[in-house]
Structures are given as C-alpha cells and as structure tokens.
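# Overview (structure and organization)
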Amino acid sequence: MACDLWRGDIEAYADSELSPERRMEFDAHLRECASCAADVSSRMQFKRAVKRAGRRYTASAELRRKIEQQIAPRTGISASVWIPALATAAVALLAVGVWIVSRHAAPLPSAVSEVVDLHVAALASANPVDVISTDEHTVKPWFEGKLPFEVNVPDLGGTPLTLIGGRIAYLEQSPGAALLVQFKKHRMSVFIFQERADWKRLDTASKMLHRSTMMIDSWSEGGLRYFIVSGTGEETIRQLEGLLRKAAQP
C-alpha cells in the first residue's frame, strides 16, 4: 500500500514536474523500492526513444514541394505572387526557430542518457556495489587489473560525503569505474571512463546538464572522462568534483 501512494507521481517525476520537496521524498522512496525505480527507468528510456524517433525522420525537399503544389491555389494572378512570398517567409521563420531551439536544446550524446540510466539502476539495486567500503584505500586496489587505467578514489574524510563502494560499469560498451557516494539521504554516482572525442562537448564548467530530475556534472582530467549524477544540489556536486580533481593530481 505504501508503494501505491507513489504510483501516481511516477509520470510527473519522469517529466520533472514534481515540486523540489516532493522530488526529494520520491528520490528517497526510489532507494528503497526497486519496483518504482524500475518503472521510472523504463519511462525515461521510452521518452528518450520517442525523442530519437522524432529527430530521425525529416520531410524531404521533394515531399515539401509536392505538398506545396497540392495546397497552392491553381487560379488567380495575385495568388501566384503572394503564395511564394508567404512560403519563403514561413521557411525563413522556421529556420530561425530551428536555429534558436538548436542553440538552447541541442541533443546531447547518448552517453548522458546512459549514465543517468546507470545511476537509476544503482538506486533500484539491492546490491549496487561490488566492493563495499568507506575507505578509498580499500576501493582503489579493488579496481587494479580490472580496468585499463588507474582509478584515483577521493578522500572524503572530514566531509559530509561517505563512500559506499564501487563496481565496474559499461558506457557505450567501454568499461569504467562506478563509485557510489552517500550524502545525507541522497546517493550520488561517479563514473570514470577513458576519454572519447565525442564527449569533449560535455564539459560542465559553466552549467550542469539536466536529464529529468537528475543533474549531471562532467569534465575531462588526465585522459579520463568523469561524470557525477545526482538529484542533490549543485553545491554538493561541485564539492565532490573538487575532491575528485584533487585525487587525480599526480
């Protein structure tokens, strides 16, 4: 019955329509309810699939020409003058609109959606890590030999953050490290992979990325690509970023 009370909020949660207070309560519920977490993940994946399909199919110039011929008046001298002009103006306005939208809502690489899915899956899992520890000296050696790069685990001592543990994760079929961090009642995921050329525009030095209710922080350091995914505030995420950058220093 307790779970049923949240079912009505799943769609609003996936659409980022919950209030901040309700979203925090729902985040806490997801950490304890694998069923709701799986439902949220499924809805997010479906929404992304619909968006990708919408961007995939674009009307050809030939189809546009045929439609214009069908709807254009066949008689009248004045119409032959203003119809092309109106069509040209409409196309110009459409081009401006597409340019504005592309400037403010350009589709991001699929890596962003995938790391959010990895984080949601961790929230839903009863065993979200393969090595359990609150000490970076235990987690770091566990990754040795499992990845083609060294994982520098941050020291969270003296901070409100706690390292739960780590596991191996895969992003676009490449292996990497996943660290799970606790902040109060929230969990934050850190993903570390070898850098790729198509991820360079993901850097979030000026503004974090958003997917549904999650915030994504990403940057490149020493040939590695870092992602932090969390529903916490930006200040906490930036704090964790600073600790990760410090750990990566030689």
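By convention here, each chain's residues receive numbers from 1 onward along its written sequence. Local features in this predicted model are restricted to residues of pLDDT 70 or higher, and side-chain atom pairs are both shown and tallied only at a pLDDT of 80 or more, whereas totals for entire chains, interfaces and linings draw on every residue. Side-chain numbers here rest on the full set of heavy atoms in the structure, without hydrogens or water.

## Regarding the pattern of salt bridges
For this analysis, a salt bridge means a side-chain nitrogen from Lys or Arg found within 4 Å of a carboxyl oxygen belonging to Asp or Glu. Scanning the model with the defined rule gives eleven salt bridges in all. A salt bridge links Arg196 to Glu172, with the nearest nitrogen and oxygen atoms 3.1 Å apart. With Arg196 in the loop between strand 4 (186-194) and strand 5 (209-211) and Glu172 in the loop between strand 2 (161-171) and strand 3 (174-183), this pair connects stretches of sequence that are 24 residues apart. For every residue, the accessible area obtained with a 1.4 Å probe (protein chains only) is divided by the maximum for its type, and the residue is called buried under 20%, exposed over 50%, and partly exposed between those limits. Since its relative accessible area comes to 29%, Arg196 is described here as partly exposed. Through salt bridges with shared partners, a single ionic network connects Asp217, Glu221, Glu234, Arg238, Glu241 and Arg245. Elements are defined by DSSP. Helices are runs of H or I of four residues or more, strands are runs of E of two residues or more, and each kind is numbered from the N terminus.

## Here we look at the confidence of the model for the protein chain
Low pLDDT means the predicted atomic positions in that stretch should not be read closely. Values of pLDDT, ranging from 0 to 100, describe the predictor's confidence in every residue of the model. When pLDDT is averaged along the protein chain, the result is 77, and 73% of the positions lie at 70 or above. A low-confidence stretch, residues 91-106 stays under pLDDT 50, and its non-local contacts, those more than four residues away or across chains, total three contacts. Contacts: residue pairs with any heavy atoms within 4.5 Å of one another.

## Details of the packing of aromatic side chains
In this scheme Phe, Tyr and Trp rings, the latter by its six-membered ring, pair at centre separations within 6.5 Å, and the angle between planes marks the pair as stacked below 30 degrees, edge-to-face above 60, and tilted otherwise. If you walk through the whole model with that rule in mind, you get four aromatic pairs. The interplanar angle of 70 degrees and the centroid separation of 6.4 Å between the aromatic rings of Phe193 and Trp199 together place this pair among those described as edge-to-face. With respect to burial, Phe193 and Trp199 carry one shared label: buried. Ring plane angle 0 degrees and centroid distance 5.1 Å describe the contact between Trp219 and Tyr226, whose orientation is recorded as stacked. Relative accessible area serves as the criterion here: at 3%, Trp219 is assigned to the buried category. By relative accessible area, which is 2% here, Tyr226 ends up buried.

## Structural notes on the nonpolar core
Within soluble globular proteins, side chains that are nonpolar generally end up buried alongside one another. Core analysis: the largest hydrophobic core is formed by 30 residues, its most contacted members being Tyr13, Phe191 and Phe227. Among the elements of the structure, helix 2 (10-14), helix 3 (20-30), helix 4 (34-56), helix 7 (110-124), strand 2, strand 4, strand 6 (214-221) and strand 7 (224-230) are those that each provide at least two residues to this core. Counting residues per element, this core draws most heavily on helix 7, at seven residues. Contact partners of Phe191, with chain neighbours within four places excluded, come to Val115, Leu118, His119, Arg167, Ala169, Ala177, Ala178, Arg225, Tyr226, Phe227 and Val229. To form a nonpolar core, buried Ala, Val, Leu, Ile, Met, Phe, Trp, Tyr and Cys residues must be joined to one another through side-chain atoms within 4.5 Å.

## Examining the pairing of strand 3
Of all ten residues in strand 3, eight are buried, a share of seventy percent or more. Two strands make a pair as long as DSSP finds a minimum of two bridges between them. Direction of pairing for strand 2 relative to strand 3: antiparallel, over a ladder of ten bridges. Within the sheet, the bridge partner assigned to Ala169 lies in strand 3 and is Gly176. In this antiparallel pair of consecutive strands, strand 2 and strand 3, the connection spans two residues, and Glu172 shows a positive phi of 50 degrees.

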